[in-house]
Amino acid sequence: MTTDLLADVAETFERTSRVRIFDSAGPGELHRKRRGRRSVLADQRDAEALAHLRTALALRPDTEVMDWMQWPDLWLELRGPDDGRLAVIGYLRPDWLRWESDGDLELRDPTAFVQWLNHWAPAAATAIAG
């Protein structure tokens, strides 16, 4: 099961052409009117940034699916080439990703994502600092 999930995660990251980052409240629902939508901390489409993001979000190959009772510190909305939503994942400091309803997966290098935020999404880095 974990192997299939890791393959799904990798395939989704490869298809991602845009990432929008939200605070712990998340992106909200797509059908909400503009006044009910959450503000975006970062909206990144740069191909180089997305390539670095894939590396920064690499998962441990021996990760086990966990179910931490913690709310994510940030939410990442992954969008595809047609700008359709591919997935919404949560970042749980310091080293876990919540992959939608499938569970929490451990990052290979927890500092890599924080470094990515500092470089490519400083407002999101500021939101989780301290």
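Up top is the structure.
Please read these numbers as outputs of a predicted model, since none were measured by experiment.

**What about the pairing of strand β6 (residues 103–106)?**
Relative to β6, strand β5 (residues 96–99) is paired through 4 bridges, and the arrangement is antiparallel. Bridging across to β6, arginine 98 finds its partner in aspartate 104. Hairpin geometry of β5 and β6 is characterised by an intervening segment of 3 residues between the two adjacent antiparallel strands and by a positive phi of about 45 degrees at glutamate 100.

**Things to note about the pattern of salt bridges**
Under the counting rule described, the total for this entry stands at 11 salt bridges. Residues arginine 18 and aspartate 83 are paired through a salt bridge, measuring 2.9 Å at the closest nitrogen-oxygen approach. With arginine 18 in strand β1 (residues 18–22) and aspartate 83 in the loop between β3 (74–79) and β4 (85–92), this pair connects stretches of sequence that are 65 residues apart. Take arginine 18: its relative accessible area is 9%, and that puts it in the buried class. Aspartate 73 is paired through a salt bridge with arginine 93; the nearest N and O atoms lie 3.5 Å apart. Taken together, the residues aspartate 73 in the loop between α2 (47–56) and β3 and arginine 93 in the loop between β4 and β5 connect sequence positions 20 residues apart.

**Side note on the sheet that holds β1**
Judged by pairing direction, the sheet is antiparallel, and its 6 strands sit side by side in the order β2-β1-β3-β4-β5-β6 without closing on themselves. The two strands at the open ends of the sheet, each matched to only one other strand, are β2 (42–44) and β6. Within this sheet the neighbouring strands show an average axis-to-axis angle of 25 degrees, counted without direction. Docked against the sheet, α2 engages β1, β2 and β3, running at close to 70 degrees with respect to β1.

**So, the nonpolar core**
Grouped together as the largest cluster of nonpolar side chains are 31 residues, with contacts concentrated most on Ile21, Leu57, Leu76, Trp99, Phe113, Trp116 and Leu117. For this core, the secondary structure elements donating two or more residues are α1 (2–15), β1, α2, β3, β4, β5, α3 (110–120) and α4 (122–128). With residues near it in sequence (within four places) discarded, phenylalanine 113 still touches Leu53, Ala56, Leu57, Leu74, Leu76 and Tyr91.

**Some points on the pairing of β1**
The buried fraction of β1 amounts to 5 of the 5 residues, a majority that puts the element mostly inside the structure. Judged by which residues are buried, β1 turns out to be covered on both faces: Arg18, Arg20 and Phe22 on one side and Val19 and Ile21 on the other are all buried. Pairing between β1 and β3: 5 bridges, direction antiparallel. Of the residues in β3, the one forming a bridge with isoleucine 21 is leucine 76.

Reading the values: the criteria
Residues numbered from 1 in each chain as written. Predicted model: local features only at pLDDT ≥ 70, side-chain atom pairs only at ≥ 80, totals over all residues. Heavy atoms only, no water. Pairing = 2+ DSSP bridges. Helix = DSSP H or I, 4+ residues; strand = E, 2+ residues; numbered from the N terminus. Salt bridge = Lys/Arg side-chain N within 4 Å of Asp/Glu carboxyl O. Buried < 20%, exposed > 50% of the residue type's maximum accessible area, 1.4 Å probe, protein only. Axes fitted to C-alpha atoms, helices over the stretch in contact; angles between N-to-C directions. Contact = heavy atoms within 4.5 Å. Core = buried A, V, L, I, M, F, W, Y, C linked by side-chain atoms within 4.5 Å.

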